[in-house]
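# Survey of secondary and tertiary structure
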There are 2 protein chains.
Amino acid sequence: MYRSHTCGELRIEHVGQNVTLSGWIQKSRALGGMTFIDLRDRYGITQLAFSEEDNKALLDDARKLGREYVIQIKGEVIERASKNDQLPTGEIEVKVTELNVLNAAQTPPFTIEDETDGGEELRMKYRYLDLRRNPLKNNMMLRHQMGIETRKYLDQQGFLEIETPFLIKSTPEGARDFIVPSRMHEGEFYALPQSPQTFKQLLMVSGYDRYFQIVRCFRDEDLRADRQPEFTQIDCEMSFVERDDILAVFEGMVKHLYKEVKGIDLPDFPRMQYDDAMRLYGSDKPDIRFGMQFNELNDLAKDQGFKVFDQAELVVGICAPGCASYSRKDIDKLTDWMKRPQIGAKGLVWVKYNEDGTIKSAVDKFYSQEVLQSWLDRFEAKPGDLVLVLSGETNATRKQLNELRLEMGNRLELRVKGEYAPLWVVDFPLLEWDEDSQRFHAMHHPFTAPVAEDIELMDTDPGKVKANAYDMVMNGVELGGGSIRIHDKELQQKMFKALGFSDEEAEAQFGFLMNAFEYGAPPHGGIAFGFDRLVSVSAGEESIRDFIAFPKNNAGRDVMIDSPSAVSNEQLDELHINLKSND
Amino acid sequence: MYRSHTCGELRIEHVGQNVTLSGWIQKSRALGGMTFIDLRDRYGITQLAFSEEDNKALLDDARKLGREYVIQIKGEVIERASKNDQLPTGEIEVKVTELNVLNAAQTPPFTIEDETDGGEELRMKYRYLDLRRNPLKNNMMLRHQMGIETRKYLDQQGFLEIETPFLIKSTPEGARDFIVPSRMHEGEFYALPQSPQTFKQLLMVSGYDRYFQIVRCFRDEDLRADRQPEFTQIDCEMSFVERDDILAVFEGMVKHLYKEVKGIDLPDFPRMQYDDAMRLYGSDKPDIRFGMQFNELNDLAKDQGFKVFDQAELVVGICAPGCASYSRKDIDKLTDWMKRPQIGAKGLVWVKYNEDGTIKSAVDKFYSQEVLQSWLDRFEAKPGDLVLVLSGETNATRKQLNELRLEMGNRLELRVKGEYAPLWVVDFPLLEWDEDSQRFHAMHHPFTAPVAEDIELMDTDPGKVKANAYDMVMNGVELGGGSIRIHDKELQQKMFKALGFSDEEAEAQFGFLMNAFEYGAPPHGGIAFGFDRLVSVSAGEESIRDFIAFPKNNAGRDVMIDSPSAVSNEQLDELHINLKSND
């Protein structure tokens, strides 16, 4: 028996008991004729005491032990002379009578502490050591608990977890597939799923009514920061439902998770039209932990001689509370920040509503005090506030102002960690125009249904049609999204026509699922959540990497195991492929 | 709202209520001025009634509906005139007042009934229709419930589910890997995991103490019947444990599953030495639902002039109770069955213990009645029994007799469906001699620890060393297996030496994990269960295919989606590979 208790378990009531503990040496302190060792395992830390008086040889042995050695000890639980109320086990220590080294350890390349001295690259290489640190351990435990509670909730709601295949078929639409050469079928390939979309819709055709799966998905995309080539999805589909049935079930799921895992009662989720989200926040995933909504100024700012605004499609701004005290230099720096290529604003117009009631602006010479006052009124600005205005093409300007709003939210500490503001964004456009191919693309996918009242528009003005699609947003991050699917053949044909598909093209690309739909497809819809992100956002973090046990770096490489890597020629031969020569 | 109730929900107490139901038409019966439709969904079947008297137009519409149409109806729940006590909803029917066709359906290519008229190939092609049938639906629901209960149990036992990567590194040992060409790293490949073995051992090094994962694994092997290229594993690992700790936890898990999912209390699992399993059953996974153990006859049968036995390494038999009545023809047929190439026996010696106490045998002329009686005594045979004896090289003969024992068990209906006989097989050999390469191979893998008392033998007689490894067996099927791992560097070096590795080879193949072991590896061990098989065996079925929603056929092909398939040259170009030309 390696242990009678874990290192997180002993309390004052265990005093006098003989115990056996096993764990890692977190640290060791020699004090005169004593040595104290903090022994660590997943469950906590227990202090071990060795003294010269009790056993000189044992003390000498203890002093030879290094950090991260794995040891087993036997001893008696005693009350500590000086207690540590930061530690659940802080009232006791174990007076050691026997010591076994289970495994020696080299000195780790960085410290195993909450704040480590190791750099990013080094910690990725020794991920198995980085995972010993509390912040990562807590993330893994949070992730485990979120998975357990997700399944508990969905099971209680009558969902069945059904596993779908990983070795599937490459489809030309969508992102790039990872493919897998077949040894048994020369010249043929499997593909790894970007999502189980087709299979979950088939399961609805099969009558499974409520399906879910927590499942790995794969996309061979150029990696941006915080994107992984493999990621985990909570994938769900329901039959005989309308949009609000789905929103209710999954709002319930996220409330359940926050309640059970974090002890937080989330409010009912407000719903926002996509058009409103774009108009008021310049984003389809607004952070509504704070206000600072956009106000448009076209009627108050144009045709008064300021050419920049006169030529702009949109003049729009936000009001930063209490920022009238910004110096000229502060505003110049903010303007430079906005002009960086990542954001690309041409300039930034400001109006200060000073504490004394006077108004000062960069565009004083074009606008009277009355006009500037009318701008301030639109923002319901108070003395001490700063109004910041951008102008230009509508979509680009909104996007830039969204960045500015988030930045000001950060500066004013309005994006409070530990506060959670969930939101449904609904009524997305069904189609988006693609300038390159001069045709519409499906914003979600070609099986997304239009909202009922827009079906007429499919023939006359397809760009105006709204989709019966929805995203769940939390604190400015998209947690998940989905839609009601088309289950009616005629409507599906209209959709393909709007997308510019010939019948033959539609058949070639989607014939398989279309075929299944001929055998009695129920009305259905679903949603998918990014599980990595769901967990990280609930912990108040935006990066997902430290919520994945063994992530890849930004080049898609696992530096710990050194993958991808070369394989043998024999392997390639068996798979009937060659490396392409570099000529 | 598509429905107020499911098709499995209505009972006599709902009579008088107006309800809305949606579902598929299972069947339709016209009877005079009435039509009855069985409406089906996942939850059950409800009878709908249409009558000429109530609404002629509606009746006419109902008569136009085909099998598997998806419809929605509104109506009133009424008590049935003739009740059906086979159906939970059999006391009521719904008098329909409104009918909406949600989707028409083509006539399915086979009947959606418990016993279908569709052949295997057709049902695979239309898997989404086959999945509508009750037997498959029940399998999927069973699988879901086993997954939920597995996680519940392991969570309660303090295990954390931690996801490990799917895009990993190809390793030369073991079965063939599926590999995935990297677009971003020219000439390099990921591999899909055969199991998360390395990662779960790393998680022990990381201090996670108790890990599990229900996870897809991949093996590119030539497929035998009932093997899938992708399969699901319950993968587990624990730290600071000895063998019996692991057996206790996972015996507990399987007991929990049978109790919660099937309402069955399994007995404590007996433990059997690998050597005994081979000696008594000729198999490392004996079906102990029935006895019919082997008895060896070397001492009673050799050196008495019967050359076949004299030259044999082993003479061994079983006693088939009540089979003395087998005719000469019956025995000839059984002998032919044993001589088929799949089994390969040279012949079959029989001894009949007739009901009248006389003894008759194929080898009468070589053995006296007294000697034959001594054989019967060894089997504790009773009048009416038939003893069947094989001889030859030990391993081959045991294997053949195992087949015969299972066959006789089937014929005598001793392998009772619904009876469950679990078993631990322990103390496997650590190494097996490979004639081809003239060296030892690890029977499990090179990190499996020997049992403590055999460590001495590692240097002197490695072939005799027993592994600290164990398999869980149920009704003759291996459900899972695992081992205590080596965590000590010196012992690991002994192991590599016994396997004939040079230091350089050991480093090249296993350097990565060995390296991690230098930083404080705890004593650890684990187990992995085949989840597909765990579910199928619990349902009393040996084939796993119908417990997987979308399986591949024996050629590794998904005939429903037609995968694997060709991909475009653009895709291959991006991945820096060519198809090998066929010259």
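About the cut-offs
- Residues numbered from 1 in each chain as written.
- Chains lettered and ligands numbered in written order.
- Predicted model: local features only at pLDDT ≥ 70, side-chain atom pairs only at ≥ 80, totals over all residues.
- Heavy atoms only, no water.
- Pairing = 2+ DSSP bridges.
- Helix = DSSP H or I, 4+ residues; strand = E, 2+ residues; numbered from the N terminus.
- Contact = heavy atoms within 4.5 Å.
- Axes fitted to C-alpha atoms, helices over the stretch in contact; angles between N-to-C directions.
- 1 Å grid on protein atoms, 1.4 Å probe; cavity = no way out; pocket = protein on both sides within 12 Å on 5 of 7 lines; lining within 4 Å.
- Points joined across faces, edges and corners; volume = space filled by probe spheres on them.
- Core = buried A, V, L, I, M, F, W, Y, C linked by side-chain atoms within 4.5 Å.
- Buried < 20%, exposed > 50% of the residue type's maximum accessible area, 1.4 Å probe, protein only.
- Domains from an automatic or database assignment.
- Buried area = accessible area lost by both parts, 1.4 Å probe.
- Salt bridge = Lys/Arg side-chain N within 4 Å of Asp/Glu carboxyl O.
- Polar contact = N/O pair within 3.5 Å; in protein donor to acceptor, adjacent residues only side chain to side chain.
- Nonpolar A, V, L, I, M, F, W, Y, C, P; charged D, E, K, R; others polar.

### Some thoughts on the sheet that holds strand E17 (residues 422–426) of chain B
Residues and elements named next belong to chain B. Spatial ordering of the open sheet is given by E6-E9-E10-E22-E21-E20-E17-E11, a layout of 8 strands whose pairing is mixed. Here the strands that pair on one side only, and so sit at the sheet edges, are strand E6 (160–161) and strand E11 (271–273). Against the sheet, helix H6 (residues 243–262) contacts strand E9 (210–218), strand E10 (230–239), E11, E17, strand E20 (469–474), strand E21 (477–484) and strand E22 (524–530), and its axis sits at roughly 20 degrees relative to E20.

### Considering empty space enclosed by the protein
Under the criterion given, the structure shown has 13 cavities of 30 Å³ or more. Volume-wise, the largest cavity comes out at about 450 Å³. Taken together, 29 residues make up the lining of the largest cavity; nearest its centre are Arg151(A), Ile214(A), Arg151(B), Glu161(B) and Ile214(B). Looking at the lining of the largest cavity, the elements with two or more residues in it are helix H4 (134–156) and strand E9 (210–218) of chain A together with helix H4 (134–156) and E9 of chain B.

### Topic: the nonpolar core
In globular proteins that are soluble, nonpolar side chains generally tend to be buried together. Counting 95 residues, the largest nonpolar core has Leu154(A), Ile234(A), Phe250(A), Val254(A), Trp424(A), Phe529(A) and Tyr128(B) as its most contacted members. By residue number, the principal contributor to this core is helix H6 (residues 243–262) of chain A, which donates 9 residues. The residues contacting Trp424(A), other than those within four sequence positions of it, are Leu247(A), Phe250(A), Glu251(A), Phe269(A), Pro270(A), Arg271(A), Met272(A), Tyr470(A), Asp471(A), Met472(A) and Ile527(A). Of all hydrophobic cores here, the second largest spans 94 residues; its members include Leu136(A), Tyr153(B), Ile214(B) and Ala469(B).

### Looking at the domain arrangement of chain A
Taken domain by domain, chain A holds domain 1 (12–103), domain 2 (137–271 + 423–547) and domain 3 (290–415). Between the C-alpha centres of domain 2 of chain A and domain 3 of chain A the distance comes to 38 Å.

### Notes on unusual backbone geometry
All names here are of chain A. Along the chain, serine 563 connects to proline 564 via a cis peptide bond; the corresponding omega equals 5 degrees. One non-glycine residue, methionine 292, lies in positive phi territory at about 50 degrees. Within the fold, methionine 292 resides in the loop between helix H7 (274–281) and strand E12 (295–296).

### A closer look at the interface of chain A and chain B
Counting residues at the interface gives 123 residues for chain A and 123 residues for chain B. Summing both partners gives a buried area of about 11200 Å² for chain A against chain B, and 56% of it is carried by carbon and sulfur. Where chain A meets chain B, there are 18 salt bridges. Applying the counting rule to chain A against chain B returns 77 residue pairs in polar contact (both at pLDDT 80 or more). With 9 residues, H4(A) is the single largest residue contributor to the side of chain A that touches chain B. Of the residues assigned to the side of chain A that touches chain B, the class counts are 64 nonpolar, 28 polar and 31 charged. Where strand E23 (residues 577–579) of chain A and strand E23 (residues 577–579) of chain B come together, 3 bridges link them in antiparallel fashion. Bridging from a neighbouring strand, Ile577(A) pairs with Leu579(B) of E23(B).

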